[in-house]
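Here is how the chains run, residue by residue.
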Amino acid sequence: MELDQAVEKILMDITNNEEGSVSIIECILNGKTFDSEIAEETEIKLNKVRKILYKFHEAGVASYKRTKDPETNWFIYSWKFDKEKVSDIISKKHQRNTEDIEKSIKYEEENMFFACRTNGHRYKFEKASEFNFVCPDCNETLEYQDNASRIVELLKEKADSKFDK
């Protein structure tokens, strides 16, 4: 079973791009639930598999059931991937992103900006007027910057993000 890109990105974020993260979850989804089976299937060292599985567990996207092996009397762990939790994480991330875009749109709409052509620094009207419309870094004249195109970009980004969900 293949995971979609949004799920893969979340898994990689959880493990800080740890190599093998996605293949470990794919193993679980394909019926390999014991860490030793996963290590064998993915050819990843058992300790690394366990480390990744514990990161998933801490994030709440994986759970385990602990049982005792009757032959060795050692505990063995059977792992399960929680697709619902990943969906929740993706939804929350999407919601935060949408809120950030909306804040940026509001900020752009409520302010007038002046920018330095030399270094690209951008100042709100109030700050630019404090500097007498002269860049404090290079003494170049600050010029009015029409941010309509920036607002359009943000609105497009917001619309596109609705389709990414």
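Relevant structure appears above.
Residues numbered from 1 in each chain as written. Predicted model: local features only at pLDDT ≥ 70, side-chain atom pairs only at ≥ 80, totals over all residues. Heavy atoms only, no water.

Undergrad: Which residues make up unusual backbone geometry, and what are the values?
TA: Of note, E43 is a non-glycine position whose phi angle comes to about 60 degrees, a positive value. Positionally, E43 belongs in the loop between α3 (35–42) and α4 (46–59). The exposure class of E43 is exposed, given its relative accessible area of 74%. (Helix = DSSP H or I, 4+ residues; strand = E, 2+ residues; numbered from the N terminus. Buried < 20%, exposed > 50% of the residue type's maximum accessible area, 1.4 Å probe, protein only.)

Undergrad: Could you give me a rundown of the pairing of strand β1 (residues 62–68), with the residues and numbers involved?
TA: Two strands pair when backbone bridges link them, and β1 and strand β2 (residues 75–81) are joined in this way by 7 bridges, in the antiparallel orientation. If you follow A62 over to β2, its bridge partner there is F81. The antiparallel pairing of β1 with β2 creates a hairpin that spans 6 residues between the two strands, and N73 there sits at a positive phi of about 65 degrees. (Pairing = 2+ DSSP bridges.)

Undergrad: I'd like a rundown of the pattern of salt bridges, residues and numbers included.
TA: Here the idea is simple: oppositely charged side chains can pair when their charged atoms come close. Per the counting criterion, the structure on display carries 14 salt bridges. The partner of K9 in a salt bridge is D13, with the nearest N and O atoms 3.2 Å apart. Within this pair, K9 and its partner D13 are both found in helix α1 (residues 5–14), separated by 4 residues, close to a single helical turn. The partly exposed category is assigned to K9, whose relative accessible area is 46%. Ionic pairing is found between R50 and D35, a salt bridge with its closest N-O pair at 2.9 Å. Pair noted here: R50 is in helix α4 and D35 is in helix α3, with a separation of 15 residues, a long-range link. (Salt bridge = Lys/Arg side-chain N within 4 Å of Asp/Glu carboxyl O.)

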